[in-house]
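Secondary and tertiary structure notes
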Amino acid sequence: MPIYLDATLEGEQQLSRRLGIIADGVEDFSPALENIEKELVHTVDQNFAQRGSLFGGWPARKDANPWPILENTGELRGGFVSAVKSDYLEIGNFVPYFKYHQSNKPRARIPRRVMLMIDQERKVFINKAFQEYLVKLIQAQNNAVI
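To keep things clear, this report deals only with the structure shown in the data block. Residue positions are given per chain, counting from 1 as you read along its sequence in written order. Totals for whole chains, interfaces and linings use all residues, but because this is a predicted model, local features are given only for residues with pLDDT of at least 70 and pairs of side-chain atoms are given and counted only at 80 or more. The side-chain figures draw on all heavy atoms in the structure; neither hydrogens nor water molecules are used.

A few words on the overall build of the chain. Here a strand is any run of E in DSSP of at least two residues, a helix any run of H or I of at least four, and the numbering for each starts at the N terminus. Within the chain one finds five helices and four strands. Walking the chain from its N terminus toward its C terminus, one meets helices and strands in the order β-β-α-α-α-β-β-α-α. Among the 146 residues that make up the chain, the fraction classed as buried is 27%. Whether two residues are in contact is decided by their heavy atoms, any of which lying within 4.5 Å being enough. Intrachain contacts of the chain at a sequence separation of at least 6 include 50% that bridge at least 24 residues. For the area figures, the Shrake-Rupley method with a 1.4 Å probe applies, and any residue is considered shielded solely by the protein chains shown. Taken as a whole, the chain presents about 10,000 Å² of accessible surface, with 54% of it coming from carbon and sulfur. Using a 1.4 Å probe on the protein chains alone, a residue whose accessible area is under 20% of its type maximum counts as buried, one over 50% counts as exposed, and one in between counts as partly exposed.

This is the structure in structure tokens:
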């Protein structure tokens, strides 16, 4: 939806301008969401490499398997998918046992091993990504007006 700015001075229309660039940009957050997506996908990979230490660490395994925790086949680590649209970002993993490790529900057998979390550092990154995107939109609009 475009934004219109109208100003009237003593009965005469002095200014009429369509501010469609900012309005259109605000309707499409995909540039900011793409930056956020890259950061979060990188965070998942980094967390796997550090055996969960980004988000508190993973409980030690009870067996003596030689492969790293959660990486016997590589299916779980490689199973993360993401989609960016104009107004949302979705990241998920459809490997059946992902939900059991990621879940914060009470458990008896499968330990919780968080692979993706929006912690304080990610929250700050996400806020800055949106702020930078909106500042660029405003600057572009100001440069176009001049």
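Moving on to the nonpolar core. Inside soluble globular proteins, nonpolar side chains tend to come together where they are buried. Here the nonpolar core consists of buried residues drawn from Ala, Val, Leu, Ile, Met, Phe, Trp, Tyr and Cys, with membership extended through side-chain atoms lying within 4.5 Å. If you look at the biggest cluster of nonpolar residues, it comprises 16 residues, and the most contacted ones within it are Ile-36, Phe-48, Trp-58, Leu-70, Leu-76, Phe-80 and Met-115. Elements represented by at least two residues in this core include exactly helix 2 (30-49) and helix 5 (120-145). Counting residues per element, this core draws most heavily on helix 2, which supplies five residues. Setting aside anything within four residues of it in sequence, one finds Leu-76 in contact with Phe-48, Leu-70, Asn-93, Val-95, Tyr-97, Phe-98 and Met-115.

This brings us to the pattern of salt bridges. Between side chains of opposite charge, pairing is possible as soon as their charged atoms come close. What makes a salt bridge here is a side-chain nitrogen of Lys or Arg within 4 Å of a carboxyl oxygen of Asp or Glu, nothing more. Scanning all chains against the criterion turns up seven salt bridges. Here Asp-119 and Arg-122 are joined by a salt bridge, their closest N and O atoms 2.8 Å apart. What makes Arg-122 buried here is its relative accessible area of 2%. A salt bridge links Arg-122 to Glu-121; the nearest nitrogen and oxygen atoms lie 3.7 Å apart. Through salt bridges that share partners, Glu-39, Asp-119, Glu-121 and Arg-122 make up one connected network.

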